[in-house]
Amino acid sequence: MCAKKVDAIVIGAGWAGSILAKELTEAGLSVVMLERGDERATAVEGDYPSSIDELRGAIRHRLFQNLSQSTVTIRNTLDQEALPYRRLAAFLPGEGVGGAGLHWSGVHFRVAPDDLALRTNVVARYGKNFIPEGMNLQDYGVTYEELEPFFDKAEKVFGTSGEPYTIKGKIAGNGNRFAPDRSDAFPLPAMGEVYSASLFRSAAANVGYHPYALPAANASAQYTNPYGVQMGPCNFCGYCSGYDCYMYSKASPNVNILPALRQDPKFTLITKAHVLKVNLDADNKKATGVSYLDLRTKKQVELDADLVIISAFQFHNVHLMLLSGIGQPYNPQQNTGTVGRNFVYQTITTSRAWLSPKQYTNLFVGAGGAGVAIDDFNSMNFDHGPLGFVGGSPVWVNQAGVKPIAAAVGGPGGKAPTWGEGYKEAMVDTYRHSLTIDAHGSNMAYRDVYLDLDPTYSNAYGQPLLRMTFNWKDNDIRMNQYVVGKIEPIIKAMGATKYSLGMLKDGEVFDTRRYQTTHLGGGAIMGTDPKTSCVNRYLQSWDVSNVFVIGASAFPQGMGYNPTGMVAALAYWAAYHIRTTYLKNPGPMVQA
Amino acid sequence: MKIPSSTRRNFTAGLLGSASFWMYGGHKVWADALQSESLQSYEPKYFNREEWLFLNAACARIFPADAHGPDAALLGAPEFIDRQMDTPYGHGELWYMSGPFKEGAPNLGYQLSLPPRDLYRQAIAAANTYVRDHHQGQTFAQLTIPEQIALLKLFEQGTMTLGAVPAHTFFEQLRQNTLEGVFSDPLYGGNKALAGWTLLGFPGARADFMDWVNQKGAPYPFGPVSISGETA
Ligand SMILES: Cc1cc2nc3c(=O)[nH]c(=O)nc-3n(C[C@H](O)[C@H](O)[C@H](O)COP(=O)(O)OP(=O)(O)OC[C@H]3O[C@@H](n4cnc5c(N)ncnc54)[C@H](O)[C@@H]3O)c2cc1C
Ligand code: SF4
């Protein structure tokens, strides 16, 4: 087979891949982006009204990964046999151009600066012994000040709506007072607040917390981004999460980056190209390119490149590293190796408040990123000393548009029946007169929670599936219970007629059957020590220096915030250093 | 095949003279639904007669006729499920279906080798066998409504298996598909006369709430619209 050669290959056409492809073509490189899924154009299959179809969309997973070709296996503990994740439920990876960035919701955070150096901060405040046995608490190796210009850039590309607290040290708005200082305002003002969010705002303020408008990558007004592409104003249609936005109001790689990228003759996008592995030279020090399967012709293709960007989504990144032999696989018994280490997720539980029959919450009205939150119990914004756990959760009303199948299958909540007599009565009350409040929290990394290759199951191409060993741990369960306890006074201040608090139970095991979030992290984490991280602070592989691994796979532990703002900032940060340093003198940017 | 007459009688008895349904529905939904029932001549493409009778009865028990409106059978949930059986979903083409198939802890999720269409076929046959053994040769559809409810509760909570299918797995499949039929766009055969959406107050494919972001708790005033433009 005759191999073709390009300057750079980007694996995956999601947020991380699109950002890297844009930056690298701007730097003058020829770039081929390989995407295993289909081309996706909102004008074609995201149009109105045919996309306003819950069954085809969020229920039958029109835009998500088709598990029939490849999935993961899951077990809770080291001594269990992992079984395949056969039906999509707990998390919903994307597939096709745009990746999960096409069907995400749009909550667009920066980072809590304390989270970037969580180990250092916890030790400084509470001492080394505060960290529970078996918890791999680590720092990112990069500071908020270093990342700030890239958060700012990402918000301008995404057309993010929000309200600042401080800009250049001066109070500039009624935004999140726990948020770090900004160099500039949000490109768009905050989104409007639905009724339930405004009730939450006043109730949270009444009990002494500090509510703020969620930063949303849903456009509150018409907007043109720095790449010259346009967004229309969001109409709160409620079809963000799980759908493509027919109004061109939700940021996606498809709307915000690819229209500009596609114009560039140095850029080529190949769809239906499933990358099997990154090819390495004889001594595993340099990548020579990739092997991919052309799903149209069913033929394997070799493509050579000087630079390979792995940006296929968190766990696919780790899977590709393991399949390619990049770095040493993590071994939890010996505590050696790094690939697959510090696999993390996110805790999330939902509480519900019912209002009077005169108050209609119109749950179907909403936007994926819009809402009102408090950060009083996130990150290190409160004293953990007497509590004895690490981590925290933002708490919010994020009414993203509740559709009837999801509502009906989920059931009316509380003690009401989920079918039969009394079900409809309760369902009507819940759908018309209730609202939900989430505690969306951190998840720490543990020695026996990790990713590796499954010994039994394989994908449609004959490669071993990725195996997840994951369970909830006492530290995170207690964190969740504590924060949910703080929701109760808010609900009471709202004047709820009744409520139910959703929290993790003592000893609760991870349940793959219930949607939680698609905020998986770690497994190819960044850091300053090659013994405990896979990639350096520029997301460059310690082992194969012409491979960069971009995504939430770089997070050493799971944070309370949604990940994509951080993923995008890290993508721009890595790209900046590739452009300004690496390309001038290819090789390791940090000496191991 | 028509909806079994017993279901029809139950529905009519449950609704006529029920004032609160008028209040919830707010308009002539039930009359439309009744009319669509009389027009209904759906012939199942996948399910055989015995399965079809089972499905109609079970859907109506899961989502019964009451003061809030008609049951799921009348809303077309059985038709919806029958039509789903010949989609990629029904054939299991959206699921990872490679072996080995092993039982595991429930929290690790579905581990059977059966796609939905085979799951229904096996489980309904086994359920009717069970009913015949315990109810003098009758089938599920021939039982009284309280007996049907009791049996569904047994499936939901019990530890029995129906063929290779744990009864609670089958029950959850049935419950989920029934509710999908009631609440999906009528394009797929259920949600007749948009009565599912009307019940909840969901406006369907309107998908534009620019003026309704926050009306301080007032009810949304417009009824539902389907993708094809049908209104209620
Ligand atoms: C329903 C939902 C709601 C969400 N809401 C939010 C939110 O509100 N806020 C937030 O911050 N985050 C949210 N997320 C998470 C967000 O979608 C992800 O963080 C983000 O998309 C990650 O970007 P990425 O580029 O790393 O991966 P993706 O966007 O998933 O892109 C990866 C791409 O790589 C492709 N790929 C994978 N393997 C291969 C291979 N071997 N060969 C070729 N191509 C491959 C995939 O098909 C995919 O297109 C949500 C996710 C979901 C599912
Ligand atoms: S809610 Fe707004 S951003 Fe989301 S899909 Fe609808 S119009 Fe688009």
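Conventions we followed
Residues numbered from 1 in each chain as written. Chains lettered and ligands numbered in written order. Predicted model: local features only at pLDDT ≥ 70, side-chain atom pairs only at ≥ 80, totals over all residues. Heavy atoms only, no water. Helix = DSSP H or I, 4+ residues; strand = E, 2+ residues; numbered from the N terminus. Buried < 20%, exposed > 50% of the residue type's maximum accessible area, 1.4 Å probe, protein only. Contact = heavy atoms within 4.5 Å. Areas by Shrake-Rupley, 256 points an atom, 1.4 Å probe, with all protein chains shown as cover. Near = heavy atom within 4 Å. Nonpolar A, V, L, I, M, F, W, Y, C, P; charged D, E, K, R; others polar. 1 Å grid on protein atoms, 1.4 Å probe; cavity = no way out; pocket = protein on both sides within 12 Å on 5 of 7 lines; lining within 4 Å. Points joined across faces, edges and corners; volume = space filled by probe spheres on them. Pairing = 2+ DSSP bridges. Axes fitted to C-alpha atoms, helices over the stretch in contact; angles between N-to-C directions. Polar contact = N/O pair within 3.5 Å; in protein donor to acceptor, adjacent residues only side chain to side chain.

Draft legend 1. Quick look at the overall build of chain B. Regarding its fold elements, chain B presents nine helices and two strands. In chain B, the order of α-helices and β-strands from amino to carboxyl end is α-α-α-α-α-α-α-β-β-α-α. Per-residue burial over chain B gives 55% buried out of 232 residues. Considering only contacts within chain B whose residues lie at least 6 apart along the sequence, 61% involve residues at least 24 apart. If you sum the accessible surface of chain B, you get close to 9400 Å²; carbon and sulfur atoms cover 55% of it.

Draft legend 2. Fine view of the site of ligand 2. Neighbouring ligand 2 are 14 residues, the closest being Cys234, Cys237, Tyr239, Cys240 and Cys245 of chain A. Grouping the amino acids of the shell around ligand 2 by side-chain chemistry returns eight nonpolar, five polar and one charged.

Draft legend 3. Highlighting empty space enclosed by the protein. Residue and element names in this part refer to chain A. Under the criterion given, the structure shown has eleven cavities of 30 Å³ or more. Taken as a whole, the largest cavity encloses approximately 190 Å³ of empty space. Lining the largest cavity are 17 residues; nearest its centre among them are Asn176, Ala179, Arg182, Phe186 and Pro215. When the residues that make up the lining of the largest cavity are grouped by side-chain class, the tally is eleven nonpolar, two polar and four charged.

Draft legend 4. Quick look at the sheet that holds strand S15 (residues 372–374) of chain A. All names here are of chain A. If you walk across this open sheet you meet the six strands as S7-S15-S16-S17-S14-S20, and the pairing is antiparallel. Every interior strand has two partners, whereas the edge strands, strand S7 (212–213) and strand S20 (498–500), have only one. Strand direction decides the pairing type here: strand S14 (residues 347–354) and S20, joined by three bridges, are antiparallel. The residue of S20 that forms the bridge with Arg352 is Ser500. Helix H13 (residues 423–433) contacts S14, strand S17 (434–441) and S20 of the sheet and is inclined by roughly 100° relative to S14. Relative to S14, helix H14 (residues 474–485) is tilted by about 25°, and along the sheet it contacts S14, strand S16 (395–397) and S17.

Draft legend 5. Molecular detail of the site of ligand 1. Residue and element names in this part refer to chain A. The full set close to ligand 1 counts 36 residues, and Ala16, Glu35, Arg36, Val107 and Thr564 are the nearest of them. Contacts to ligand 1 include Arg36, whose side-chain N or O atom sits 2.8 Å from an oxygen atom. A distance of 3.4 Å separates an oxygen atom of ligand 1 from a polar backbone atom of Pro563. Surface burial for ligand 1 is 97%, taken as the share of its 1000 Å² of free accessible area covered by protein chains. Looking at the shell around ligand 1 residue by residue, the class counts come to 15 nonpolar, 18 polar and three charged.

That is the geometry; function is a separate question.
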